[in-house]
Amino acid sequence: MNTSLVSSKTVELLSQITGQKLTPKNLTLPVIFLANLVTVLLGVIFVDGTVAESEKQRLLTTLYRFSIPESDVRKLTHLMIKGVKQNQVYKQINNLLSLAAPLSESEKLLLIGFGYEMSAVDG
């Protein structure tokens, strides 16, 4: 991941998603990856217009792999879920591009893998 590719647009977008006033110093590499993961997974979930219970469970199972219960990361994950849903970030290509810009090719491929896994849950 290349932190030099974290633009002011990315900072603004992540502030909007989390409901927190963030600065470039707040944006660690794991936070940026997590925001991308939440966005991709929610985009896959909402693409067909219905959300099955199995999709909700897969979302939480996947996201909880990246944090421990009662941690700040877990709380941030829930803020991101809420913000991505409210702002429908997954529907706005410019937002997706801004979020993904700092990611390496392998991180982008990992996101695609998680997205594919989510799509398989819904058939």
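From a predicted model like this one, the values you see are computed outputs, not experimental measurements.

Talk me through the nonpolar core; I want residue IDs and the actual numbers.
By size, the foremost hydrophobic cluster in this structure holds 30 residues, and its most contacted members are Leu14, Ile17, Leu27, Val38, Leu42, Leu59 and Leu63. Ignoring anything within four residues of it in the chain, the contact list for Leu63 reads Leu34, Leu37, Val38, Leu41, Thr77 and Ile81.

Lay out helix H2 (residues 29-46) with the relevant residues and their values.
Between its first and last C-alpha, H2 extends 26 Å over 18 residues, near the 26 Å set by a 1.5 Å rise per residue. Of all 18 residues in H2, 13 are buried, a share of seventy percent or more.

Hey, could you go over the packing of H2 against helix H6 (residues 105-122) for me, with residue numbers and the actual values?
The N-to-C vectors of H2 and H6 enclose an angle of 30 degrees; their axes lie 9 Å apart at closest approach. In terms of axis orientation, H2 runs roughly parallel to H6. In the packing of H2 onto H6, the handedness of the crossing is right-handed. Where H2 abuts H6, its residues Phe33, Asn36, Leu37, Val40, Leu41, Val44 and Ile45 lie against Glu107, Leu110, Leu111, Phe114, Gly115, Met118 and Ser119. Split into classes, the residues belonging to the contact of H2 with H6 amount to ten nonpolar, three polar and one charged.

How would you sum up helix H1 (residues 8-18)? Please name residues and give values.
Looking at H1, one finds that the buried residues are Thr10, Val11, Leu13, Leu14, Ser15, Ile17 and Thr18. Lining the buried residues of H1 we find H2, helix H4 (72-87) and helix H5 (93-100). Backbone geometry just after H1 places Gly19 at a positive phi near 75 degrees.

Explain the packing of aromatic side chains residue by residue, including any values.
Tallying each qualifying case throughout the model produces three aromatic pairs. Summarising the aromatic geometry, the rings of Phe33 and Phe66 are spaced 5.9 Å apart at their centres and angled 50 degrees between planes, so their arrangement reads as tilted. Here Phe33 is found in helix H2, whereas its partner Phe66 is found in the loop between helix H3 (53-64) and H4, with 33 residues between them in sequence. Residue Phe33 is classed as buried on the basis of its relative accessible area of 10%. Owing to a relative accessible area of 35%, Phe66 belongs among the partly exposed residues under this scheme. A centroid spacing of 5.6 Å and a plane angle of 25 degrees characterise the contact between Phe46 and Tyr90, whose relative ring orientation is stacked. Of this pair, Phe46 sits in helix H2 while Tyr90 sits in the loop between H4 and H5; the two residues are 44 residues apart in sequence, bridging distant segments of the chain. Through a chain of ring-to-ring contacts, three or more aromatic side chains come together here, namely Phe33, Phe66 and Phe114.

Procedures and definitions
- Residues numbered from 1 in each chain as written.
- Predicted model: local features only at pLDDT ≥ 70, side-chain atom pairs only at ≥ 80, totals over all residues.
- Heavy atoms only, no water.
- Core = buried A, V, L, I, M, F, W, Y, C linked by side-chain atoms within 4.5 Å.
- Buried < 20%, exposed > 50% of the residue type's maximum accessible area, 1.4 Å probe, protein only.
- Contact = heavy atoms within 4.5 Å.
- Helix = DSSP H or I, 4+ residues; strand = E, 2+ residues; numbered from the N terminus.
- Expected span 1.5 Å × (residues − 1).
- Axes fitted to C-alpha atoms, helices over the stretch in contact; angles between N-to-C directions.
- Parallel < 35°, antiparallel > 145°, perpendicular 65-115°, else oblique.
- Left-handed = near helix turned anticlockwise from the far one by under 90°.
- Nonpolar A, V, L, I, M, F, W, Y, C, P; charged D, E, K, R; others polar.
- Phe/Tyr/Trp six-rings, centres within 6.5 Å; stacked < 30°, edge-to-face > 60°.

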